[in-house]
Amino acid sequence: MSPWLNRWSLTGLGLMVLVALWALPPRSSEDWFPDRNWRVFRYGTATPEFEAVNKEVRDLARTYQRLVWADSIRGLASGAAQAGVSFLAGTPTWAPAGSSAALTEGIRAQLDSEGVREPAVTIGALIIDSDYGRHPGTPSGWSSSKKFESIVSLDDQLPFCVRVGGDPDQHPRIGITVEDFLWAPPGSRQMSNPLGPCLLHAKYGSPGDSIFLWLRAGGYAFAEGSFPRWVEFRVHPRTPVVRGVGFRRVPYLSVDGTACAGGQRGACIRILRLQASSDDLSYLYDLESGGRSWTSPVGYGSGVVGSLRNFGGVEARLLYDLEEEFGEERFGHFWRSELSFEQAFLAAFREPAEQWLLRWAQERWGEVDVSPRVTMEATFLSFLTIGAFVGLALYRRRRTL
Amino acid sequence: MYRPPPPRRVRLALIGVAAMFSTGSLFPKPSCAQPAPDLTIQEIGSELEALLPTWRRLGRESRVADSLRRALEGEEKQVPVDTFQVGPFTLMAEPRQREMVQELFDEIWSDLSPLLRGSEHIFEPWAFLAYRSWNQRRMYMRGDSVLEINVPSRFKGAFFRREAYSKVGQVLRHNLPPPLKEWIGAQSTALATENSGWVARELATAPSTVARECFDGDVAYCKLALGLAESEPDWNVWYTAAERRHIVSRIGPGRADPRRSALWSGCVEVQNLEACDLFLSTRKPESPLRTMARVSLLTFSLRLRGEGSFQRLLLTEEKDALEQLGELADLPPDSLIAAWRREVLGAQPTAWAGLVGAPVAVLFWFVFFGALAMRSTRCRLG
């Protein structure tokens, strides 16, 4: 090569090394721009001081209100236990007539389909005024969102798990309605899922303390149960969705979800230990309510299915898939275990949790390619094209010699 | 040619870089937060009450700071503006763009003045703020009666012209009798402009049997497709089962609502018609020929009537949209629709998209690289 070309090549390579030193290994956008809020892009109309205090007030107000809810539900559960009623179902006064009966029927149908004659703890589903229990000093409507929450008590005398949806009277489109609880595809045999994670409480009773800590820290997202669809989620590893788009990635898997399905056990461990990637931090923040845990034993369950999107929401069925694979007895041992999550998993299923998750992911998405390499087809075609032009050049050269 | 190995310090530096990547020692992993101790309702309530006065005070200060910031920004971004009149239009523009804006509105006024004769007063409460710029600068001139015409300079002048027509159309729409206004729809449209070519495209490509029947000449179907028939708006009247599935597929499942996503999947993947209908039932029914075609029919009627037609429309008694259009054009409704259809189909474009450009581009690049490969180069290999 000519010295001129040599010099420029070396300069280019040097620049590339500098860029690599600066940019590698890959980090999240928050690391690059720590002060930037990527999730919510809006013009800041508030001062930073107000933003900070507002956040703290909101978290406290939400925590305060959930504790009031938990207290009221404790009263309802106590009344139900005394009256010999096995589950709670209720709607606010402004709900359409017959809503409460429909909800009761929906819960009974779900329990029957799972073969639960008598729930192991008091369970239920309630739609309540989302302003109920609000601290009088805070504005109305702060709690309105399209989210289910599960209020859980592990109290030996009065254990319960009640799934709650807040329905704001003023904004009927925002809150949870009976339809949200009972929706099932018309014309299909799919059941509605009004109980969400409380179904596991109904079947197996209260979880062991360590398992509960894991559930409360985010594990409830794996117990939500699937949102009813006409077809159960199945993706064949070689379907075009998986093979054809985005460098053979599954577009809706998170970084950790992709790495886990790609065979990296570390990522599977991170998912199960709920050390979520940066995209999911806001969700975990919700769960822990600003780093505070509530008066024991209250759990703030998962929100809309798919909030924790390591596997695009498919993980909402994770614990049910586990139960299906290993049977109810072994799952019950795991659920009630006093060991830590990972030890309980190993003891009950005789397989490390991350290994099972890896298998679970690969059964659904195949071995996802985690490298940035170009596909074989593209490589072949590129070499073919380059070869054709080189061939032309050589042919031309031979003719001129 | 033999090259000596890199000096020792370069090798050491490379080994250092490799070690840094392999261990990740410079990039510590985030630690897992420890749970805080439990709190009671009373404790949280008192903590909240202690914070509320500060929260209220900071909120007030923040709102004041925000309004000051906005006022300052407005002042910084403000540019000198000329206000002038073209026909009935009150216009505002930067001095350097005044001539351009004046020419444009002269053209618009000469086009529309016959139709608007006698109804010029409807523009009196409105002012048009017109400007083009390369950057994101906005002219801070706000108010309910200020209509902003702002098309970035990187777009062609035709876009600016269309936007100006659209804003004039907005004023016209504002003054339409209520049944016609409701029928036209809420979108801002270039009312009273010629767009038959685009309507012909819409008529030919709308995914609806009703629209195709209209294309083939059935006036009753044209009325149906335009939403002028007496039946209530209904997806089932306008579209067949396959067409409804196509519409659902085109709308997409969305992300936020799992129910909607499940219905989409049931309709498109499982081909369950009930799912398609449930999916569509959450949306307002949309007729096959919407705003553009409707505006075109109204414009056609206005132009048929000729001079002062808009004023006549303002003075007529409120009626059903179809009757009102017929009366405006002084034609029986069916004849009006038939004439409009002929006009629209007469304006069908004769262009074929995509049949020439792509093959020519492919051929060009093959020839270009082939030519490069065939010629000699100064940078020989070996």
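Keep in mind the model is a prediction, meaning the values are calculated, not measured.

Conventions and cut-offs
- Residues numbered from 1 in each chain as written.
- Chains lettered and ligands numbered in written order.
- Predicted model: local features only at pLDDT ≥ 70, side-chain atom pairs only at ≥ 80, totals over all residues.
- Helix = DSSP H or I, 4+ residues; strand = E, 2+ residues; numbered from the N terminus.
- Buried ≥ 20, exposed ≤ 12 C-beta atoms within 10 Å, placed from the backbone.
- Contact = placed C-beta atoms within 7 Å.
- Core = buried A, V, L, I, M, F, W, Y, C linked by C-beta atoms within 7 Å.
- Pairing = 2+ DSSP bridges.
- Axes fitted to C-alpha atoms, helices over the stretch in contact; angles between N-to-C directions.
- Parallel < 35°, antiparallel > 145°, perpendicular 65-115°, else oblique.
- Left-handed = near helix turned anticlockwise from the far one by under 90°.
- Nonpolar A, V, L, I, M, F, W, Y, C, P; charged D, E, K, R; others polar.
- Expected span 1.5 Å × (residues − 1).
- pLDDT = per-residue confidence, 0-100.
- Right-handed = clockwise from strand over helix to strand, strands pointing away.

Enquirer: Help me out: how do you make sense of the overall build of chain B in this one?
Expert: Along chain B, the regular secondary structure elements total 17 helices and four strands. Taken across its 382 residues, chain B has 28% of its residues classed as buried. Considering only residue pairs separated by 6 or more positions, chain B has 58% of its internal contacts joining residues 24 or more positions apart.

Enquirer: Looking at this model, I keep getting lost on the nonpolar core. Mind explaining?
Expert: Burial of nonpolar side chains together is a common tendency in soluble globular proteins. Residue and element names in this part refer to chain A. Counting 83 residues, the largest nonpolar core has Leu-103, Ile-123, Val-162, Cys-260, Leu-357 and Ala-361 as its most contacted members. Ranked by residue count, the leading element in this core is helix α3 (residues 48-83), at eleven residues. Ignoring any residue separated from it by four or fewer positions in sequence, one finds Ala-361 in contact with Cys-260, Ala-261 and Phe-311.

Enquirer: I tried to follow the environment of Val-248 of chain B on my own but got confused; where do I start?
Expert: Residues and elements named next belong to chain B. Mapping Val-248 onto the fold places it in helix α10 (residues 241-251). A C-alpha to C-alpha distance of 9.0 Å links Val-248 and Asp-277, two positions 29 residues apart in sequence. Discounting chain neighbours no more than four positions away, the residues touching Val-248 are Trp-264, Cys-267, Val-268, Cys-276, Phe-279 and Leu-280.

Enquirer: Would you mind going over the sheet that holds strand β4 (residues 160-167) of chain A with me for this structure?
Expert: All names here are of chain A. Strand order in this open sheet of four strands is β1-β2-β4-β3, and the pairing throughout is mixed. Each of the sheet's edge strands pairs with one partner strand only, and the pair in question is β1 (87-90) and β3 (148-153). Across the sheet, the mean angle separating the axes of adjacent strands is 20° when strand polarity is ignored. In this sheet, β4 lies alongside β3 in antiparallel orientation, the contact comprising six bridges. Across the sheet, residue Val-152 finds its bridge partner in β4, namely Cys-161.

Enquirer: How should I be thinking about the packing of helix α11 (residues 258-268) of chain B against helix α12 (residues 273-281) of chain B in this particular structure?
Expert: Packed helices, taken two at a time, are described by their axes: the angle between them and the distance between them. All names here are of chain B. At a minimum axis separation of 7 Å, α11 and α12 run at an interaxial angle of 140°. If you check the angle between α11 and α12, you find them oblique. For the crossing formed where α11 meets α12, the hand is left-handed. Each of Arg-260, Leu-263, Trp-264, Gly-266 and Cys-267 in α11 lies in contact with α12, whose residues at this interface are Ala-275, Cys-276, Leu-278 and Phe-279. Considered class by class, the residues forming the contact of α11 with α12 number seven nonpolar, one polar and one charged.

Enquirer: Which parts of the structure should I look at to understand the sheet that holds strand β1 (residues 82-86) of chain B?
Expert: Picture the strands of a sheet paired through backbone hydrogen bonds; they go either parallel or antiparallel. Residues and elements named next belong to chain B. One open sheet holds the four strands; their spatial order is β1-β2-β3-β4, and the pairing between them is mixed. Because the sheet does not close on itself, it has two edges, and the strands there are β1 and β4 (146-150). Strand after strand, the sheet turns through a mean of 30° between neighbouring axes, direction not considered. Taken together, the three bridges between strand β2 (residues 89-93) and strand β3 (residues 127-131) define a ladder with parallel strand orientation. Note on β3: the bridge partner recorded for Leu-91 is Phe-128. Sitting on the sheet, helix α3 (residues 98-116) is in contact with β1, β2 and β3, with an inclination near 20° to β1. In the packing of helix α4 (residues 157-175) onto the sheet, the strands contacted are β3 and β4, and the crossing angle to β4 comes to about 165°.

Enquirer: Help me out: how do you make sense of helix α17 (residues 357-374) of chain B in this one?
Expert: Because an α-helix completes one turn every 3.6 residues, residues spaced three or four positions apart along the sequence face the same direction. In this model, α17 of chain B (18 residues) spans 26 Å end to end at C-alpha, consistent with the 26 Å of a helix rising 1.5 Å per residue. Among the 18 residues of α17 of chain B, zero are classified as buried, and the element is accordingly described as predominantly exposed.

Enquirer: I tried to follow the confidence of the model for chain A on my own but got confused; where do I start?
Expert: Reading predicted coordinates in detail is not appropriate for stretches of low pLDDT. Residues and elements named next belong to chain A. Taken residue by residue, chain A gives an average pLDDT of 78. The fraction at 70 or more is 76%. Predicted confidence in chain A is weakest over helix α11 (residues 281-288), with a mean pLDDT of 37, and strongest over helix α13 (residues 328-336), with 96. Segment residues 236-246: pLDDT under 50, and twelve contacts once partners within four positions in sequence are set aside and those in other chains are kept. Below a pLDDT of 50 lies the segment residues 276-307, which in the model reaches 88 contacts outside its immediate sequence neighbourhood of four places, other chains included.

Enquirer: Even after reading the chapter, I still don't get helix α10 (residues 265-272) of chain A, so can you show me in this structure?
Expert: Residue and element names in this part refer to chain A. For α10, the complete set of buried residues consists of Ala-267, Cys-268, Arg-270, Ile-271 and Leu-272. Where α10 is buried, its residues contact α9 (255-261) and α15 (353-365). Looking one or two places after α10, you find Leu-274, whose phi comes out positive at around 65°.

Enquirer: It is not clear to me how unusual backbone geometry should be interpreted in this structure. Could you clarify?
Expert: A positive phi angle is found at Arg-350 of chain A, which is not glycine, with a value near 55°. With respect to the helices, strands and loops of the structure, Arg-350 of chain A is situated in the loop between α14 (341-349) and α15. Unusually for a residue other than glycine, Asp-330 of chain B sits at a positive phi of about 60°.

Enquirer: Please explain the environment of Arg-58 of chain A as it appears in this structure.
Expert: Locating Arg-58 of chain A in the fold gives a position in helix α3. C-alpha separation for the pair Arg-58 of chain A and Ser-143 of chain A, spaced 85 residues apart in sequence, amounts to 9.2 Å.

Enquirer: Would you mind going over the pairing of β3 of chain B with me for this structure?
Expert: Working note: regular strand, side chains alternate between the two faces of the sheet. Residues and elements named next belong to chain B. In terms of burial, β3 is a largely internal element, four of the five residues being buried. You can see the chain leave β2, run along α3 and come back into β3, and the turn it takes is left-handed. Sheet topology places β3 next to β4; five bridges connect them, and they run parallel. Bridge pairing links Ala-127 to Val-146 in β4.

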